[in-house]
Amino acid sequence: QVQLVESGGGLVQAGGSLRLSCAASGRSFSTYAMGWFRQAPGKEREFVAALSWNSGTTYYADSVKGRFTISSDNAKNTVYLQMNSLKPEDAAVYYCAHRPVYFSYLTVPAGYSYWGQGTQVTVSS
């Protein structure tokens, strides 16, 4: 069992920045990948970014490429999402997700076994 705790959400003006953090904990767990998804009211949960833990390979949704950066501190079992140039359409609840073992598809929610509780990001225009 892996517990994920997110932090860093809040209210920001359009064009501003936020940094989300997600710390993973549990007894003797492995990590293949961690990712970020978001869900706006009335919409499906959508992929934002993912990071392959050992290789450091990153993946981004087209809508956030060049603005968001996913990174990790493997020693702390923590993944970050630096969000710059935020737009009103980025507003959503952001969820951290954890994949313990290999899986091909890291851009779909079904690829992850554990989820955080979510953190709200609000972007004012």
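Now for a quick tour of the structure. These figures come from a predicted structure and were not determined experimentally.

Moving on: the side chain of S52. Looking at where S52 falls in the secondary structure, it is placed in strand β5 (residues 46–52). Judged by its relative accessible area of 6%, S52 is buried. Other than its neighbours up to four places away in sequence, S52 contacts Y32, A33 and T57.

You can see G9 is positioned in the loop between β1 (2–7) and β2 (10–13). When its relative accessible area of 33% is taken as the criterion, G9 is described as partly exposed. Expressed as a C-alpha distance, the spacing of G9 and V93, which sit 84 residues apart in the sequence, is 8.6 Å. Every residue in contact with G9, bar those within four places of it in the chain, is listed here: L20, T119, Q120 and V121.

So, on to the sheet that holds β1. The strand order across the open sheet built from four strands is β1-β3-β8-β7, with neighbouring strands paired in antiparallel fashion. Each of the sheet's edge strands pairs with one partner strand only, and the pair in question is β1 and β7 (68–73). With direction set aside, neighbouring strand axes in the sheet form an average angle of 20°. As defined by bridge partners, β1 adjoins strand β3 (residues 18–26) across six bridges and the pair is classed as antiparallel. In the sheet register, L4 faces β3, and the bridge partner there is A24.

Reading the values: the criteria
Along each chain, residue indices are assigned from 1 in the same order as the chain's sequence is written. Only residues with pLDDT of at least 70 get local features here, since the model is predicted, and only at 80 or more are side-chain atom pairs given and counted; chain-wide, interface and lining totals rely on the full set of residues. Excluding hydrogens and water, the side-chain figures rest on all heavy atoms present in the structure. Secondary structure is summarised from DSSP: a helix means a run of H or I of at least four residues, a strand means a run of E of at least two, and numbering begins at the N terminus for each. Throughout this description, buried means an accessible area under 20% of the type-specific maximum (1.4 Å probe, protein chains only), exposed means over 50%, and partly exposed covers the range between. Working rule for contacts: check all heavy atoms of both residues, and any pair within 4.5 Å makes them a contact. DSSP bridges decide pairing: two strands pair if at least two such bridges lie between them. Here, axes are lines fitted to C-alpha atoms. For helices the fit covers the stretch in contact, and angles between N-to-C directions go from 0 to 180 degrees.

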